[in-house]
Amino acid sequence: MRTSGVLLPIFSLPGDYGIGCLSREAYSFVKYLKKAGQTYWQILPVGPTSYGDSPYQSFSTFAGNPYFISLESLIDEGLLTREECDEADLGDDETDIDYGKQYYNRYPLLRKAYERSNISRDKRFRKFVRKNAWWLTDYCRFMAIKDSYGGKSYQEWDEPLRIHDRKAIRRFEREHRGDVMFYAFLQYKFYREWHKFKKYANKNGIKIIGDIPIYVAPDSADTWANPKLFQFDENRRPTRVAGCPPDGFSATGQLWGNPLYEWDYHKKTGFKWWIRRISSCLSMYDVIRIDHFRGFDEYYSIDAEADTAVDGYWVKGPGTRLFNAIERKLGKVAIIAEDLGFQTDTVKQMVKDTGYPNMKVLEFAFDARDQKDDTSGPNDYLPLAYDKNCVVYTGTHDNETLMGFLKSITKPEKKLIKKYLAMKGATDEQLVHGLIRAAMASVADWCIIPLQDYLALDNSARINTPSTTGENWRWRVRSEQLSKAVRKEMKDLTETYWR
């Protein structure tokens, strides 16, 4: 079935209080997508972010981001007043997110709401805690202990707490019961709001595409509480970490620093942790996009003490055994395989064997150098080379916006785009809409367009520039940009190309 949707992170929604969240604006965007004839809303990971604010580096792979709890809902419940929220300095730029202000000024509001909640007497809260204790208990302890250490990585905590000593943890919890309970309260509120929102989206014909990173953050409740899942030494410190080898973009490669999985242990458990992870995602999303899918076939292993990725090497991953185990336990799961970048024959075979749709990005399609070699065949990202079982994007959260892309490429590359689209003499804005049309017209069963491209925005609206920090994950759309004209373009394209 041919379908289409829009890519927009939750944090990029408009609204009051400095960051997009599960407020009325989220519901309004669902209605906007419905009227535009869309099927999917793709988002980025929704976990609590750590330093750098990246949703791909979270303190827990199971927890939700407290920033996404609607302050309006807490006002409606009588846990906060509008005056308290309005007086808090959460940033006054409606197009940008000030994460420092969110951290220092939003959490005190959330703490105030918790202290007024009398949450321990709420039967639904107690049920939520019991049901999710297998991850929630350690997460709440982890965050409370981290706060007591001024936010330091758990690798810098005192030894008993660092190594997850049960007696030390229980002693801490007795002395800081309110701090631990606060984080359980936040998760309860997040998940109640999330499931209410998803139910509304589904009722209106909009399915949610969630996004999960393949790896977990080095400083996370996942690694702290479950060291056997990762390549750690006897002192619970990582021995090997993830990254990418040197290439034309970086002479020293990329050193991500995420701990690698101890796949032999996962196999012995029947991939229990991964099955739980995917099961948790299925309760939140209709479709799951897994970032860096290649890492299941082969992963790049780097010494944890290394300064660069130069001396790393490739190691075989679990391959389809993992996904076969997931399917046996959970049935056929709707997964999108993010297989961008260099693809080996074994990666291609793994994607084919799973049957998952893979990704095609139009911004990768128009390399003028490809035209010099007539024997190699067309670029895999050109629409003429697609098969049906794929998801076409104009760009992703890691790419330039289409407008930014068009302003940065070479003249031969732009000439190639105009030739392909039969749009000689077109302006950059016309080419943006031409590329969106090419994606929608392609044979790909799925077509997802970042909202910035429908709006023809330049790189000031870019979500992330890889290998940079400080200015990423900050862009927000203004309410007035969600116009009837843009909505009409979405719907016309969707109807024209039977999506």
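Coordinates for the structure precede this section.
Residues numbered from 1 in each chain as written. Predicted model: local features only at pLDDT ≥ 70, side-chain atom pairs only at ≥ 80, totals over all residues. Heavy atoms only, no water.

(A) Structural view of the pattern of salt bridges. The final tally for this structure, using the stated rule, is 27 salt bridges. Across the pair Glu84 and Arg116 runs a salt bridge, and its minimum N-O distance is 2.7 Å. Taken together, the residues span a long stretch of sequence, with Glu84 in helix H3 (residues 82-87) and Arg116 in helix H4 (residues 99-117) at a distance of 32 residues. Assessed through its relative accessible area of 18%, Glu84 is described here as buried. (Salt bridge = Lys/Arg side-chain N within 4 Å of Asp/Glu carboxyl O. Helix = DSSP H or I, 4+ residues; strand = E, 2+ residues; numbered from the N terminus. Buried < 20%, exposed > 50% of the residue type's maximum accessible area, 1.4 Å probe, protein only.)

(B) Spatial organisation of empty space enclosed by the protein. Taken as a whole and judged by the stated rule, the model has four cavities of 30 Å³ or more. Considered as a void within the structure, the largest cavity measures approximately 220 Å³ in volume. Along the walls of the largest cavity sit 25 residues, with Gly47, Ser60, Thr61, Phe62 and Pro213 positioned nearest its centre. At the level of secondary structure, the elements contributing two or more residues to the lining of the largest cavity comprise strand S3 (207-212) and helix H12 (272-282). Tallying contributions element by element places H12 first for the lining of the largest cavity, with three residues. Looking at the lining of the largest cavity residue by residue, the class counts come to 15 nonpolar, seven polar and three charged. The space that makes up the second largest cavity amounts to roughly 100 Å³. Around the second largest cavity, the lining is made up of 14 residues, and of these Thr396, His397, Pro450, Gln452 and Ile463 lie nearest the centre. (1 Å grid on protein atoms, 1.4 Å probe; cavity = no way out; pocket = protein on both sides within 12 Å on 5 of 7 lines; lining within 4 Å. Points joined across faces, edges and corners; volume = space filled by probe spheres on them. Nonpolar A, V, L, I, M, F, W, Y, C, P; charged D, E, K, R; others polar.)

(C) Inspection of the packing of aromatic side chains at higher detail. Using the criterion set out here, one finds 54 aromatic pairs in the structure. Ring centres of Tyr27 and Phe197 lie 6.0 Å apart, and the angle between their planes is 85°; this geometry places the pair in the edge-to-face category. Of this pair, Tyr27 sits in helix H1 (residues 24-35) while Phe197 sits in helix H9 (residues 177-203); the two residues are 170 residues apart in sequence, bridging distant segments of the chain. Phe197 matches Tyr27 in its accessibility class, with the two residues each being buried. Pairing Phe296 with Phe323 gives two aromatic rings, centres 5.0 Å apart and planes at 85°, and the pair type is edge-to-face. Within this pair, whereas Phe296 is found in the loop between strand S6 (287-290) and strand S7 (298-303), its partner Phe323 is found in helix H13 (residues 320-330), the two being separated by 27 residues in sequence. Residues Phe296 and Phe323 agree in their burial class; the two are buried. Positioned over the ring face of Phe182 is Arg111, at 5.0 Å from the centre of the ring. Positioned above the aromatic ring of Tyr381 is the side chain of Lys360, whose terminal nitrogen or guanidinium carbon lies 5.9 Å from the ring centre. (Phe/Tyr/Trp six-rings, centres within 6.5 Å; stacked < 30°, edge-to-face > 60°. Lys NZ or Arg CZ within 6 Å of the ring centre and 35° of its normal.)

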